[in-house]
Amino acid sequence: MTPAVFMAMLCLEVALAAPMPDYNLDAEWEKWKRINERTYSPEEEKQRRAVWEENVKMIKWHTMDNGLWMNNFTVEMNEFGDMTGEEIRMMTDSSSLTLSNEKHIQKRNIKIPKTLDWRKEGYVTPVGSQGACGACWAFAVAGSIEGQLFKKTGKLLPLSVQNLVDCSRSFGTMGCKGGRVYNAFQYVKNNGGLEAEATYPYEAKEGHCRYRPEYSVVKVIRFLVVPRNEDALLNALVTNGPIAVGIDAKHESFKKYTGGIYHEPNCKRDSPSHSMLLVGFGYEGQESEGRKYWLVKNSHGEQWGEKGYMKIPRGQNNYCGIASYAMYPVL
């Protein structure tokens, strides 16, 4: 979905009578458009430039000592610079996640390491980009199944996100308008399989279902919900592999995050708006200083965050809801 599609949905903060642009930013604006391959109609450019300039101001405010956020993470302009916060929320919404009756049962007497990164063990495929399609839920589901498939077969195989986007609507997902991890897992389980990315490549848009059973590469027997606490999440991650999670991402700081442990004072534990893949945990500096984090994989490309990844505070009362809607499949 291109920015032009959003024109009828702009917030009142970007009125039809867009403010006069700051001509000191002309060169920066032209460079940003060129890098991100943006073209607009004359009227659309006025409105998109106004949004972009507001985002530039927000970033500059953050970098000042009196910024609104804690200065232990960074933000910068990226490909979402011409989009409002409301548009990002519409693009990534995966709220109202339904919970399964099957729960993860914590395994006892396991050794919890100080750090864990399933990428280093071969469980995680490269970071993808959902583009302007709100398919974060599908990327999270595919990623969690990919990890379990590697665990079972020793082969890392990228799975088809587009298969999920196109074919799971009858199970309650909404294609590029968002979806629930729970419903997507139901689709894969009931469908009897999922294709690989190689045979059903991602298009960043909705299409008709083209799933072919003969190209199915994985089956899901069931999927389990992790109890809503960080201890259970830690246990599930260590004993099973990458896990699909939902977090509160309805903030400008999330959109422009580039590194560090993410601290957003308005982040809520019960308002998931974005699905991601939990792949590990660790700490920065001395572990005793409370610098623990969860490592999550996003679907906004490698230019976002720390090469496509984010660090969420760990052990801080379920920060941003990281443990509120966690699920993983069983193959």
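Turning our attention to the environment of Val124. Relative to the helices and strands, Val124 resides in the loop between strand 2 (116–117) and helix 4 (136–153). If sequence neighbours within four positions are ignored, Val124 has contacts with Trp118, Arg119, Leu156, Pro242, Val279, Lys297 and Tyr309.

As enumerated under the stated definition, the model contains 16 salt bridges in all. Here Arg49 ties to Glu53 by a salt bridge, and the two come within 2.8 Å at their closest N and O atoms. In this pair, Arg49 and Glu53 are both assigned in helix 2 (residues 42–63), four residues apart and thus about one turn of the helix distant. In terms of burial, Arg49 and Glu53 fall into one category: buried. Each of Glu284, Arg291, Glu306 and Lys311 takes part in salt bridges that share partners, so that together they form one network.

With a phi angle near 60°, Asn109 is a residue other than glycine that sits in the positive phi range. Here Asn109 is to be found in the loop between helix 3 (85–92) and strand 2. Residues other than glycine seldom take positive phi values, yet Asn317 does so here, at roughly 60°. The topology assignment puts Asn317 in the loop between strand 10 (309–313) and strand 11 (327–330). Given the relative accessible area of 54%, Asn317 is considered exposed.

So, on to the packing of aromatic side chains. As enumerated under the stated definition, the model contains 13 aromatic pairs in all. Taken together, the ring pairs in this structure connect Phe254, Tyr257, Tyr262 and Trp304 into an aromatic cluster. Over the ring of Tyr309 we find Arg119, and its NZ or CZ is 4.3 Å from the ring centre. Above the ring of Tyr293, the side-chain terminus of Lys311 is found at 4.8 Å from the ring centroid.

Here we take up helix 1 (residues 26–35). Within the span of helix 1, buried status applies to Trp29, Trp32 and Lys33. Viewed along the axis of helix 1, the buried residues span an arc of 100°, placing them on a single side of the element. Looking at helix 1, the residues exposed on the side facing more than 90 degrees away from the buried face are Ala27, Arg34 and Ile35.

Below, the discussion takes up helix 4. Here helix 4 contains 18 residues, and its C-alpha end-to-end distance of 26 Å stays within 8% of the 26 Å for a straight helix at 1.5 Å per residue. The element helix 4 is extensively covered by neighbouring structure, given that 15 of its 18 residues are classed as buried. Of the residues trailing helix 4, Gly154 is marked for its positive phi of about 80°.

Next up on the list: the nonpolar core. Membership of the largest hydrophobic core comes to 43 residues, with the highest contact counts inside it found for Leu233, Ile243, Val245, Trp294, Met310 and Ile322. For this core, the secondary-structure elements that each account for two or more residues are helix 7 (230–240), strand 6 (243–247), strand 8 (274–283), strand 9 (292–297), strand 10 and strand 11. Top contributing element to this core by residue count: helix 7, with six residues. With residues up to four places along the chain from it excluded, the contact list for Ile243 reads Val226, Leu233, Ala236, Leu237, Met276, Leu277, Leu278, Ala326, Met327 and Tyr328. If you look at the next biggest cluster of nonpolar residues, it comprises 33 residues, including Phe139, Leu149, Val165 and Leu194.

About the criteria used
- Residues numbered from 1 in each chain as written.
- Predicted model: local features only at pLDDT ≥ 70, side-chain atom pairs only at ≥ 80, totals over all residues.
- Heavy atoms only, no water.
- Helix = DSSP H or I, 4+ residues; strand = E, 2+ residues; numbered from the N terminus.
- Contact = heavy atoms within 4.5 Å.
- Salt bridge = Lys/Arg side-chain N within 4 Å of Asp/Glu carboxyl O.
- Buried < 20%, exposed > 50% of the residue type's maximum accessible area, 1.4 Å probe, protein only.
- Phe/Tyr/Trp six-rings, centres within 6.5 Å; stacked < 30°, edge-to-face > 60°.
- Lys NZ or Arg CZ within 6 Å of the ring centre and 35° of its normal.
- Arc of directions from axis to C-beta.
- Expected span 1.5 Å × (residues − 1).
- Core = buried A, V, L, I, M, F, W, Y, C linked by side-chain atoms within 4.5 Å.

Spatial relationships are all this shows, so hold off on functional conclusions.
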